[in-house]
Number of protein chains: 2
Amino acid sequence: MTIDAFIREREKPVLDELKEFLRIPSISTLPDHNADCRRAAQWVADHLKGLGCRNTTLLGSETHPVVWAEGPPAPGKPTVLVYGHYDVQPPDPVDLWETPPFDPTIRAGNIYARGATDDKGQVFSIVKAFEAVSRNGSPPVNVRFLIEGQEESGGEVLTDLLRREPERVDADAVLVADMPYYAPGWPAIYTALRGICYCEISVRTLDGDLHSGLYGGVAPNAHETLVHILAQLKSPAGKIRISGLYEAVVKPTKAERDAWNRLPFSERSYLRNEVGSRALTGLKRYTPLERIWALPTLEIHGITGGFTAEGAKTVIPAVAAAKVSLRLVPKQRFKTVERQLRKRVKELAPPHAKASVDLIHGADPVLADVSARPFDFLRQAFREIEGREAVPIRSGGSIPIVPALAKRGAPVMLAGIGLPDDRLHAPNEKLAVEQFWKGVRVFGRFFELMGS
Amino acid sequence: MTIDAFIREREKPVLDELKEFLRIPSISTLPDHNADCRRAAQWVADHLKGLGCRNTTLLGSETHPVVWAEGPPAPGKPTVLVYGHYDVQPPDPVDLWETPPFDPTIRAGNIYARGATDDKGQVFSIVKAFEAVSRNGSPPVNVRFLIEGQEESGGEVLTDLLRREPERVDADAVLVADMPYYAPGWPAIYTALRGICYCEISVRTLDGDLHSGLYGGVAPNAHETLVHILAQLKSPAGKIRISGLYEAVVKPTKAERDAWNRLPFSERSYLRNEVGSRALTGLKRYTPLERIWALPTLEIHGITGGFTAEGAKTVIPAVAAAKVSLRLVPKQRFKTVERQLRKRVKELAPPHAKASVDLIHGADPVLADVSARPFDFLRQAFREIEGREAVPIRSGGSIPIVPALAKRGAPVMLAGIGLPDDRLHAPNEKLAVEQFWKGVRVFGRFFELMGS
C-alpha cells in the first residue's frame, strides 16, 4: 500500500489518536504534572509497541522518562534515529485560549491544543510515516525512536542517558522534526540552531518586606534595584550590554546572508500576521531574519516578589527575581555566557543589595553540515511532495539535546512541518491538519529513499 | 474606679477580647475576605453596644461598613470623635510568619498578629480607655466612634459617607490613634502625614505572548519596555524624574528641622534593627528622617505578567504591569501627581508599546496645627503617663481619610502607642502588650482632662 492510500484509509482514526495524545497535559516544567508526563511517555511507548516496535522501554526517570523503541529489523539497510519530545510548555495564560489547551479541537483546518505543533503533532507525523511505510511488516530502513519528556525544561534525563549510553545515537541519520517551514509552501532545512542560557537573577535588599509609609525614601527596594540592573543589561536599541558577550559570535557567511535576502519577507505582513505589534525592535543594522537567526538576544520572561495580587499593598519588597534567558548563536557557549552574565549583574548591583544569578538550564548553539548524503534524500522528499526546494535557513530556537545527538557523527537533520504562525509556547497553539499529512508523506518518502 | 484599677482587674479578659478581634482576617483589599470585613465591623459594633454606646450602626456598605457609635451623653462636656479602622493588610508572604497571622500569640511581651498595631490593637486601646473612664456609667466627655473598614484600600465608603453626612465629624477634637511612638519611651504627636498616589503602570507590546526562540531579537518584550520606563522614573540616587513633581513640595521650617535633629537617631542601629539592610538609599543631602517625613518618594510594589511560576518558560510577554505608589508631602495633590506620572509614562513609552497609568487609590498629605487646645490635654496625658514630653514629628505614612475628618474644623490629633519596630504591613506584625496598656492609660487620662 502506498503512503497516500494509508492516509486515505486511516484519516479519521489517526487524527483521533493524535487528539488522545494531545489530551495529556504533559507539562514538564510544573511538578504538579509529573504524573501526566509519565502517562504521555507510556502512551507513546504503547503506541510504538502496537506498531511492531521491539525493545520498547521507558528510560532514565520515573516522572519524565525517555521513550526508546526500535522498529522491525531491516537487514542491510541504514538506520534512522527519530528524535522528538512528548512534553509541552505550560498553557498559561489559560484565559486567552479560545478552546481549552488540553481539549484538542479542529477549526478551519487547524488542530488547536498545547503541543499541537511543539512537538506532539510533529513527532506523531513521523510515527505515522513509519507506520505507513511499514504496513507489510518490513520497513525500508531501521528506525529507532528516542522521544524525551524534558525538552521544555532542560532535558537532563536524556542528557544523562546519552552520557551513560552514547551508543543510543549511533545511526546513519538523526531526524529531528521540531521545526517549522519557512512559510506556507516553503519547506526548510535548518543549518543552525540558537543555544540558550536561562537564568534567574535575584536581588535582596532587606531582611524582610517593609511598609512604604514608614520607610519609603530610605529603605532600598528590591524591585527598584532589579529594574535598574535589568535596564542596564540591554540598551533600548537592542544591544546586550554584557562584557565579552559578542566576542564568540561567528557572523553568517555572505552566501548564507544572500540566500536569506532572497527569501520572501514582508516586514509589514510579518508585523501584522505573526508578531502582532506596532514595530519591531532589535539592532537596526541587521535584517529581522539576521537578528533572529544570527544574533544573540536577551529576554525577560517574568518578575516575582513583592505584592502582585488584586488590589493594593504598600510594601517595600525585600526580594525580587527575574527569569531571563539569552539565546546564543554559533560559537557562543552557554557556560561562558552564564559567567559573563553573573559578572555583569555583580558589577551592576549597588552596595545596598545582594544580587545572584542561578542557571535554570542551558544549551549550546548548533551548526549543521547540510552537505551530508541523507540531506539529499530529505531534500528530494520535500521536492516531490511540496514541489519546491527546501530552503537552507536557521532557527532562533534551541533544542538542548542536539549537540549530544550529533556526538557520534550522525548528521542531524533539523526539519519539520509546522508553520510560522503555529503560536508554539503561546495561547491557541495549533497545527494545520494539511501540514500533518504532508509530514506523513515527506517523512515516509524520506524513509523509502534512505532505504532504496 | 481609677484607670489603673480597671487595668488590674480586667487584664486577662481584655487581652482575650483583643485576640478575638485579631482573629478575624478582615483584609479589605482582597474580595475573598469581604465577609470577614463585615464580621469585624459587627464585632466592633456589638462590643461598643456592650459598653453602653447608643445609635450603634453599620453604615455605607454591606461588605466594608463604617461602624458608628455614640457613648453615653455627658451633658455640657466637649465631644471627642475617635477614628480608627478594623481592616488590615494582606498577610503575605505568609510563610515568613513565625506564628499564623490570624492566630494572635503573645511572646516575650508582644502580641503577634496581622492588625496587632495597625490598627486593631490601637483602636481597641481607646475603646478600653473609654470603658475605663465610663465604668460608673457616665463618661467625662461625649465620645463618638467612627471605625472604618477600608483604610488599607482607599477608604471610599467612609469618604462617601462623610460627603453625604459631613456633620458626623462635628466635634471638639478628633483622635486618630494609628501612629507609633518616635522610639520606646518617646511618645509623639504628629504634625504632618504624607499622602499617596497608588497606580498601576501597564504596558502592552504584542497582541499575544510569543516564543523567544522564534521571535527573540525582533518582537518587543513588554517586561523589557516596562523595566526601561520604571528605571527612568527614579534615579539610582533617589531623585524622582517626573516633571513638576517637586514644585508643590513645601520644605519643613528651620524650627521643625532643628527639632528633628535633636531626636535620638543612630543610622547604624536604624539600619540593623529597623530597616534590616546594608545601607540606606535616597537623596543624600537630606537626613534619613527628612527623606521619610518631608520628601516624596516612589516605590515599586510588584510586577505582573509573563511567566512567574516555578521552572522555565521562554515566553516574550505581551503585557506587563507594575504596582507603584508615590508618597506625597505638603502641599502636593494626588490628582496632580497622577496626571504628572501619566504624562511622564506616555513620554517614556517607545513607539512599539502602549502604556497606561490607572489610579488605584489616592490621598492628599496633611499638615496639622498642633497649637489647638486639645493637644495640650494629650501632651499632658503623655507627660503624666510616660514622664516625657511628646515630640512633634511627622509621619511618612498616609491616612486617606484625615483631610475629611478635619473638614468641619475640629483639630485632628494624630498619636498612638505603636513602636517603630512593629512591622506593620510586613510579616510578624506585633504590638507590645505594655504599649497597649499605656494606650488605655494615656487616652483614658486624655478623656478625663478633656472633660475637666
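Rules behind the numbers
- Residues numbered from 1 in each chain as written.
- Chains lettered and ligands numbered in written order.
- Predicted model: local features only at pLDDT ≥ 70, side-chain atom pairs only at ≥ 80, totals over all residues.
- Helix = DSSP H or I, 4+ residues; strand = E, 2+ residues; numbered from the N terminus.
- Rg over C-alpha atoms; globule rule 2.2 N^0.38 Å.
- Buried ≥ 20, exposed ≤ 12 C-beta atoms within 10 Å, placed from the backbone.
- Contact = placed C-beta atoms within 7 Å.
- Domains from an automatic or database assignment.
- Nonpolar A, V, L, I, M, F, W, Y, C, P; charged D, E, K, R; others polar.
- Pairing = 2+ DSSP bridges.
- Axes fitted to C-alpha atoms, helices over the stretch in contact; angles between N-to-C directions.
- Least-squares fit on C-alpha atoms with pLDDT ≥ 70 in both.
- Parallel < 35°, antiparallel > 145°, perpendicular 65-115°, else oblique.
- Left-handed = near helix turned anticlockwise from the far one by under 90°.
- Core = buried A, V, L, I, M, F, W, Y, C linked by C-beta atoms within 7 Å.
- pLDDT = per-residue confidence, 0-100.

### A short note on the overall build of chain A
Consideration 1: Counting its secondary structure elements, chain A contains 13 helices and 18 strands.
Consideration 2: Scaling as 2.2 N^0.38, a compact globule of 452 residues should have a C-alpha radius of gyration of about 22 Å, and chain A matches this with 23 Å.
Consideration 3: On the principal axes, the C-alpha backbone points of chain A span a range of 80 × 50 × 45 Å.
Consideration 4: A buried classification covers 57% of the 452 residues belonging to chain A.
Consideration 5: In chain A, once contacts between residues fewer than 6 apart in sequence are set aside, the share between residues at least 24 apart is 79%.

### Some remarks on the domain arrangement of chain A
All names here are of chain A.
Consideration 1: You can read the domains of chain A as domain 1 (3-193 + 366-451) and domain 2 (195-249 + 296-363).
Consideration 2: Each of domain 1 and domain 2 has a C-alpha centre, and these two points are 35 Å apart.
Consideration 3: Taken together, the seven residues of domain 1 in the interface contact six residues of domain 2.
Consideration 4: Partitioning the side of domain 1 that touches domain 2 into residue classes produces three nonpolar, four polar and no charged.

### Structural notes on the sheet that holds strand S5 (residues 110-112) of chain B
Hydrogen bonding along the main chain pairs the strands of a sheet, whether they run parallel or antiparallel.
All names here are of chain B.
Consideration 1: The strand order across the open sheet built from three strands is S4-S5-S18, with neighbouring strands paired in antiparallel fashion. Every interior strand has two partners, whereas the edge strands, strand S4 (105-107) and strand S18 (430-432), have only one. The average undirected angle you get between the axes of adjacent strands in this sheet is 25°.
Consideration 2: Each of S4, S5 and S18 is contacted by helix H13 (residues 433-451), which is oriented at about 65° to S18, the strand it contacts most.

### Brief notes about the sheet that holds strand S18 (residues 430-432) of chain A
All names here are of chain A.
Consideration 1: Pairing is antiparallel in the open sheet, where three strands are placed in the order S4-S5-S18. This sheet does not close on itself; its edge strands, each paired only once, are strand S4 (105-107) and S18. Mean inter-strand twist for the sheet, computed between neighbouring axes without regard to direction, equals 25°.
Consideration 2: Here three bridges tie S4 to strand S5 (residues 110-112), and the two strands are oriented antiparallel to one another. Looking across to S5, one finds that isoleucine 106 is bridged to isoleucine 111.
Consideration 3: Of the strands in this sheet, S4, S5 and S18 are in contact with helix H13 (residues 433-451), which crosses S18 at around 65°.

### With respect to the relation of the copies chain A and chain B
Note: a rotation about an axis with an accompanying shift along it relates these two copies of the chain.
Consideration 1: Laying chain A over chain B is done by rotating through 180° and shifting 0.1 Å along the axis; what remains is an RMSD of 0.1 Å. The two molecules are tied by a two-fold rotation axis, judged by turn and shift. Ranked by how close their C-alpha atoms come to the rotation axis, the residues of chain A are headed by valine 227 of chain A, at 2.7 Å.
Consideration 2: Most of the interface of chain A is mirrored in chain B: 99% of its interface residues are interface residues there too.

### Let's talk about the packing of helix H3 (residues 120-133) of chain A against H13 of chain A
All names here are of chain A.
Consideration 1: Across the interface, H3 lies against H13 with an axial gap of 8 Å and an inter-helix angle of 50°. Viewed along their axes, H3 and H13 adopt a mutual orientation that is oblique. When you trace H3 past H13, the crossing you get is right-handed. Facing H3, whose interface residues are Gly121, Gln122, Ser125, Ile126, Lys128, Ala129, Phe130, Ala132 and Val133, H13 presents Phe436, Gly439, Val440, Phe443, Gly444, Phe447 and Glu448.
Consideration 2: Tallied by class, the residues present in the contact of H3 with H13 amount to nine nonpolar, five polar and two charged.

### Focus: the environment of phenylalanine 145 of chain B
Residue and element names in this part refer to chain B.
Consideration 1: Within the secondary structure layout, phenylalanine 145 lies in strand S6 (residues 142-148).
Consideration 2: Between the C-alpha atom of phenylalanine 145 and that of histidine 33, which follows or precedes it by 112 residues, the distance is 23 Å.
Consideration 3: Sequence-distant contacts of phenylalanine 145, defined by excluding residues within four places in its chain, comprise Leu48, Val67, Trp68, Ala69 and Val82.

### Side note on the interface of chain A and chain B
Consideration 1: Each side of the interface is counted separately: chain A has 82 residues, and chain B has 81 residues.
Consideration 2: Broken down by secondary-structure element, the contributors of at least two residues to the side of chain A that touches chain B are strand S10 (210-211), helix H5 (212-215), helix H6 (222-233), helix H9 (288-294), strand S11 (297-304), strand S12 (315-316), strand S13 (319-328) and strand S14 (354-363) of chain A.
Consideration 3: Considering each element in turn, the side of chain A that touches chain B owes the most residues, seven residues, to S11 of chain A.
Consideration 4: In terms of residue class, the side of chain A that touches chain B is built from 36 nonpolar, 34 polar and twelve charged.

### A look at the pairing of strand S2 (residues 66-70) of chain B
Residue and element names in this part refer to chain B.
Consideration 1: Buried residues dominate S2, accounting for four of its five residues.
Consideration 2: Pairing between strand S1 (residues 54-59) and S2: four bridges, direction antiparallel. Opposite arginine 54, over in S2, you have glutamate 70 as the bridge partner.
Consideration 3: Taking the residues that link successive antiparallel strands as the turn, the S1-S2 hairpin has six residues, and the phi of glycine 60 there is positive, at about 85°.
Consideration 4: Here S2 pairs with S6 via four bridges, running antiparallel.

### Thoughts on the nonpolar core
Consideration 1: One finds Val174 of chain A together with Val174 of chain B to be the most contacted residues of the largest nonpolar core, which totals 285 residues.
Consideration 2: Contacts of valine 174 of chain A, omitting those with residues within four sequence positions, involve Leu81, Tyr83, Val169, Leu405, Ala410, Val412 and Met413 of chain A.

### Some words on unusual backbone geometry
Consideration 1: Look at the link from aspartate 118 of chain A to aspartate 119 of chain A: it is a cis peptide, with omega at 5°.
Consideration 2: With respect to the helices and strands, aspartate 119 of chain A occurs in the loop between S5 and H3.
Consideration 3: With a phi close to 50°, alanine 108 of chain B is a non-glycine residue in the positive phi region.
Consideration 4: In this fold, alanine 108 of chain B is placed in the loop between S4 and S5.

### Digging into the environment of leucine 30 of chain B
Consideration 1: Residue position: leucine 30 of chain B is located in the loop between helix H1 (3-22) and helix H2 (34-50).
Consideration 2: Owing to 18 C-beta atoms within 10 Å, leucine 30 of chain B belongs among the partly exposed residues under this scheme.
Consideration 3: Leave out the neighbours within four places in its chain, and leucine 30 of chain B touches Ala309, Glu310 and Gly311 of chain A together with Pro90 of chain B.

### Focus: the confidence of the model for chain A
Consideration 1: For chain A, the average pLDDT comes to 95, and 100% of its residues sit at 70 or higher.
Consideration 2: Interface predicted TM-score (ipTM) for the complex: 0.83; the corresponding pTM is 0.82.

### A closer look at the environment of histidine 33 of chain B
Consideration 1: As for its position among the elements, histidine 33 of chain B is in the loop between H1 and H2.
Consideration 2: When near neighbours in sequence (up to four residues on either side) are disregarded, histidine 33 of chain B contacts Pro25, Ser26 and Ile27 of chain B.

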